[in-house]
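# Structural overview
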Amino acid sequence: MNNPDFWAMGGYAFYVWTSYGITFAVLLWNLISPVLQRKNLLRRLTVKQKRETS
Amino acid sequence: MKPIRRQRLILILLSLAGLGIAVAFALQAFNQNLMYFFSTSDVIAGKAPANADFRLGGMVVKGSLERPGADLLVRFKLSDLSKEVTVEYTGILPDLFREGQGIVAKGRLDGRGVFVAQEVLAKHDENYMPPEVASTLKKPVQP
Amino acid sequence: MAFFPASWTRFFHQTASPPYFYALASKLSPWLGGICLALLAAGLYGGLYLAPPDYQQGDSYRIIYVHVPAAWMSLFVYVLMAVMGGIALIWRMKLAEVMLISSAPIGAGFTFIALVTGSLWGKPMWGAWWVWDARLTSELILLFLYLGVISLYGAIEDKRNAARAVSILALVGVVNIPIIHYSVEWWNTLHQGPTVTKLDKPSIHISMLTPLLLMALAFKFYYALAVLQNAKLELLRRESGAQWVKNLLGAKT
């Protein structure tokens, strides 16, 4: 993969690598965003529960 | 299944069927508008609009491509395997443009019956293969 | 009328109960993620490195390995959403509502990817970023349907009512799916016809087809993983007052 021809993609480097970049950015965002939101929600619910029980 | 649920299921299926039929009729009515381009036979038959821009699609006839001048003007024939139309275009052609390739051109017919294009798009086919395979496939056909 | 054997119904009800489903989703996630990553690695290596360039399009055709799986998934996820909508309307099943709304952002993501990578492929090959042919236009409508589902659900305060409205929208929109699929056969389009799903001889060389199928499978596993993360979040939001959530919080502290 250190072959410069591989990264050049026969002159289509911009189109190919932008496609892959955008694809994985969207996929990763759709995966990480709900996990972060859930962690956040769990934290808030825990704080609320502690306040109610004490 | 409880009767109320079966009722809901039947209602949903009937609504979907009705909707499907309505959409099918609508698409049928707008069929011509949904066509992205006219074929060369359409143009010869006079179905394409005169004095207005439209898109023309077809195969670039092998051996028909010529560059009459020193500028970027190219002239070629398009065919849908039955009728041919001559196209003139000035500008840079897309990477995939070559003889035997399907293309879609946008422009209008002039007085000579030549299609003067302002834009040429290449339509690639659905076949994908390595160059070596393509060359072995082509050989037997060539005389 | 007994539609399913009693044992199936029991299994169904158990799996569909929020605490059981939440725990199941947590247990499955690492496996789904692992399989997805392995398939992605194999598919990317095969598609970007091992597969030869195309005889006409050179290396630009490698966009196919993200474009086509994303486009397939955009249709597949929408059909799943419509099925969930049907189940939610007929059986009033909460989990179906949750799975429907959890699928929407992921499906929208796939649709967006299919449109953008298609554009990046169209520019060098066709000579245009975008054309209003039947295939591209119907896929754009699909993106609007997904966005419609997301915003309609967000706009209605009561989530049970919101889920019913969204179920109907998902079902109505399903008529667009066959239109997208057959658009290249029904009308003249700039987009080419189907490669893999056509019935006669496959028109893609095996060395190029294998990575494509690996990537498609990887995207399926990705969807399963992502939809479970969204479903866990949605279940917590909806059931934040329920006892099982309190137990869950208690177990953590």
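Residues numbered from 1 in each chain as written. Chains lettered and ligands numbered in written order. Predicted model: local features only at pLDDT ≥ 70, side-chain atom pairs only at ≥ 80, totals over all residues.

Within chain B, the secondary structure is distributed over four helices and six strands. In sequence order, the secondary structure elements of chain B are arranged as α-α-β-α-β-β-β-β-β-α. By the compact-globule yardstick of 15 Å for 143 residues, chain B is too spread out, its C-alpha radius of gyration being 23 Å. Projected onto its principal axes, the C-alpha positions of chain B cover 80 × 45 × 25 Å. Here chain B, with 143 residues, has 22% of them falling under the buried criterion. (Helix = DSSP H or I, 4+ residues; strand = E, 2+ residues; numbered from the N terminus. Rg over C-alpha atoms; globule rule 2.2 N^0.38 Å. Buried ≥ 20, exposed ≤ 12 C-beta atoms within 10 Å, placed from the backbone.)

Let us now look at the pairing of strand S4 (residues 84-90) of chain B. Residue and element names in this part refer to chain B. Only one face of S4 is buried, namely the one carrying Val85, Val87 and Tyr89, since none of Glu84, Thr86, Glu88 and Thr90 on the opposite face is buried. Judged from the seven bridges that link them, strand S3 (residues 73-79) and S4 form a sheet pairing that is antiparallel. Looking at the pairing, Leu73 lines up with Thr90 of S4. Linking two consecutive strands that pair antiparallel, namely S3 and S4, is a turn of four residues; a positive phi of about 75 degrees is found at Leu81 within it. Bridge count for S4 against strand S6 (residues 115-123) is three bridges, and the pairing is parallel. Residue pairing across strands places Tyr89 opposite Ala117, the latter belonging to S6. (Pairing = 2+ DSSP bridges.)

Judged by nonpolar contacts, the single largest core of 99 residues is most densely connected at B:Ala105 and C:Leu100. Top contributing element to this core by residue count: helix H3 (residues 64-91) of chain C, with 17 residues. When residues no more than four places from it in sequence are discounted, the contact partners of C:Leu100 are C:Met81, C:Met84, C:Gly85, C:Ala88, C:Ala163, C:Val166, C:Ser167 and C:Ala170. (Core = buried A, V, L, I, M, F, W, Y, C linked by C-beta atoms within 7 Å. Contact = placed C-beta atoms within 7 Å.)

A word on the interface of chain C and chain A. The partner chain A presents 24 residues to the 35 residues of chain C that form the contact. Secondary structure elements with two or more residues in the side of chain C that touches chain A: H3, helix H4 (94-125), helix H8 (206-238) and helix H9 (243-252) of chain C. Among the elements that take part in the side of chain C that touches chain A, H4(C) stands out by supplying 11 residues, more than any other. Across the side of chain C that touches chain A, the residue classes break down as 20 nonpolar, eight polar and seven charged. (Nonpolar A, V, L, I, M, F, W, Y, C, P; charged D, E, K, R; others polar.)

Attention now moves to the interface of chain C and chain B. At the junction of the two partners, chain C supplies 37 residues and chain B supplies 32 residues. Listed by contribution, the elements that provide at least two residues to the side of chain C that touches chain B are H3, H4, helix H6 (159-173) and H8 of chain C. Broken down by element, the residue count for the side of chain C that touches chain B peaks at four residues, all from H3(C). For the side of chain C that touches chain B, a count of residues per class yields 23 nonpolar, 12 polar and two charged.

Before going further, it helps to examine the environment of B:Ser79. Residue and element names in this part refer to chain B. Tracing the backbone shows Ser79 in strand S3. Note: C-alpha distance between Ser79 and Arg67 (12 residues apart in sequence) is 19 Å. With sequence-adjacent residues up to four places away left out, Ser79 is seen in contact with Thr40, Gly58, Met59, Val61 and Glu84.

Attention now goes to the domain arrangement of chain B. Domain boundaries in chain B define domain 1 (3-32) and domain 2 (37-123). Relative to domain 2 of chain B, the C-alpha centre of domain 1 of chain B lies at a distance of 41 Å. (Domains from an automatic or database assignment.)

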